[in-house]
Amino acid sequence: MLATLARVATLRRTGLLSGPGSRRELWTGRPQSDTDNMKPLEGVKILDLTRVLAGPFATMNLGDLGAEVIKVERPGAGDDTRTWGPPFVGTESTYFLSVNRNKKSIAVNIKDPNGVKIIKELAAICDVFVENYVPGKLSALGLGYADIDRIAPHVVYCSITGYGQTGPLCQRAGYDAVASAVSGLMHITGPEDGDPVRPGVAMTDLATGLYACGAIMAGLIQRYKTGKGLFIDCNLLSSQVACLTQVAANYLIARKEAKRWGTAHGSIVPYQAFKTKDGYLVVGAGNNLQFATLCKIMNVPELIDDCKYKTNHLRVQNRKELIRILSARFEEAMTSEWLHRFEGSGIPYGPINNMKNVFAEPQVLHNGLVMEMKHPTVGKISVPGPKVSCQFPGCEQ
């Protein structure tokens, strides 16, 4: 016991830890009266045993909201994504840098009894414990939910897996591409007459990270009410199936099998990308008024009262002919000219940007989506900034 207390005291002196966990209080690291610029999760401590993307994305979002994140990595190798590249900045992978800001990394061998003891000591003074190991692996090491609950009943314990804690696939490791295939996302992604396509970013991992982030915050509120922690089961398969939304409902309610539509929409026409003289533009018409406005801007007013296109239902039925007409018109002008014509029209529209244009987009810059940070080994870097901002009464925008 004395050794445990000494080790915790050492961690506090280094600044890694700053106060005891609480069974009842939500905030643990700062006087409650000093709230002028306090972030929503400031004072919350998170012990992060996750690797790769879904878990690190969740904890990074919590860190953006003010939580203190202690990231536990393997001695020597660290998080797998430290080696994922190129590109690298010095010896650092840009992949790793993209989802691991606002964290304090420590290396602990959790297969060693001394390492297990360190993790338990840290858990006892943290509010949240997040891991993404195959079900049963941490329990075998003495770090499962039951083990942590015995020593830290106040902890919100979040387990992120590929397929859930039980069931026929539960012992499979979770990989975004595989989970997006099993969940049906790949089946509905890609050109209409082409092969299934993996989305350009790991949307299944990212969606799972966001679900985990929300569940953890709900768990903290529950802990505030009851003084007790809880167990959160979050997995890739469930997250992605939930995100199928209307595509899943079409099948479950109407038994309508899904298909790939490329950039188009199965239930709204037109709503897709069109090729211009020098690029691509996405345009939609979600109702009859928008369709009429679109036809006027494109100088095809005869389509407005055409019996084949008077309602969205008819436009869906006659999709191919309508898209052929509109596509021919769009190819007559440059993207910039179409953007000028649609400005202020009320029509949803926008160019398909490459990364250079994304980060030159005035609204992206206005929203502060490029964050400059000073990294301890590579110096100043730029990363995508926080997705949400919190405003307090009396603070200037």
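Since the model is a prediction, treat every value here as computed from it, not as a measurement.

A few points about the overall build of the chain
Stage number 1. When you go through the chain residue by residue, the secondary structure sums to 16 helices and 13 strands.
Stage number 2. Counting contacts in the chain only where the partners sit at least 6 residues apart, residues at least 24 apart contribute 67% of the total.
Stage number 3. With an accessible surface of roughly 21,100 Å², the chain has 57% of that area assigned to carbon and sulfur atoms.

Side note on the pattern of salt bridges
Stage number 1. Here the structure, examined in full by the defined rule, presents 15 salt bridges.
Stage number 2. In this structure, the salt-bridge partner of Arg82 is Glu73, at a minimum N-O distance of 2.8 Å.
Stage number 3. In this structure Arg82 comes out as partly exposed when scored by relative accessible area, which is 23%.
Stage number 4. As a salt-bridge pair, Glu192 and Lys259 come within 2.9 Å of each other at their nearest N and O atoms. Taken together, the residues span a long stretch of sequence, with Glu192 in the loop between helix 7 (176-182) and helix 8 (203-226) and Lys259 in the loop between helix 10 (245-254) and strand 9 (271-275) at a distance of 67 residues.
Stage number 5. Residue Glu192 is classed as partly exposed on the basis of its relative accessible area, which comes to 34%.

As for helix 14 (residues 335-342)
Stage number 1. Restricting attention to buried positions, one finds in helix 14 the residues Thr335, Trp338 and Phe342. Buried positions in helix 14, seen along its axis, are confined to an arc of 65 degrees and lie on one side of it. Facing away from the buried side of helix 14 by more than 90 degrees, the exposed set consists of Ser336 and His340.
Stage number 2. Looking at the packing, one finds that the buried side of helix 14 touches strand 10 (280-284), helix 11 (288-297), helix 13 (319-330) and strand 11 (349-351).
Stage number 3. Following helix 14 by one or two positions, Gly344 has its phi on the positive side, about 75 degrees.

Details of the layout of surface pockets
Stage number 1. Size it by volume and the largest pocket reaches roughly 940 Å³.
Stage number 2. Forming the walls of the largest pocket are 32 residues, and the residues nearest its centre are Ser98, Val201, Met355, Phe359 and Pro384.
Stage number 3. Listing elements by their share of the lining of the largest pocket, those giving two or more residues are helix 2 (54-64), helix 3 (94-98), helix 8, helix 15 (355-358) and strand 13 (379-384).
Stage number 4. Taken as a whole, the second largest pocket holds about 580 Å³ of empty space.
Stage number 5. The wall of the second largest pocket is formed by 26 residues, among which Val52, Asn132, Ala173, Gly174 and Tyr175 lie closest to the centre.
Stage number 6. Broken down by secondary-structure element, the contributors of at least two residues to the lining of the second largest pocket are helix 2, strand 7 (156-161) and helix 7.
Stage number 7. Classifying every residue of the lining of the second largest pocket by side-chain character gives 14 nonpolar, 5 polar and 7 charged.

Cut-offs used in this document
- Residues numbered from 1 in each chain as written.
- Predicted model: local features only at pLDDT ≥ 70, side-chain atom pairs only at ≥ 80, totals over all residues.
- Heavy atoms only, no water.
- Helix = DSSP H or I, 4+ residues; strand = E, 2+ residues; numbered from the N terminus.
- Contact = heavy atoms within 4.5 Å.
- Areas by Shrake-Rupley, 256 points an atom, 1.4 Å probe, with all protein chains shown as cover.
- Salt bridge = Lys/Arg side-chain N within 4 Å of Asp/Glu carboxyl O.
- Buried < 20%, exposed > 50% of the residue type's maximum accessible area, 1.4 Å probe, protein only.
- Arc of directions from axis to C-beta.
- 1 Å grid on protein atoms, 1.4 Å probe; cavity = no way out; pocket = protein on both sides within 12 Å on 5 of 7 lines; lining within 4 Å.
- Points joined across faces, edges and corners; volume = space filled by probe spheres on them.
- Nonpolar A, V, L, I, M, F, W, Y, C, P; charged D, E, K, R; others polar.

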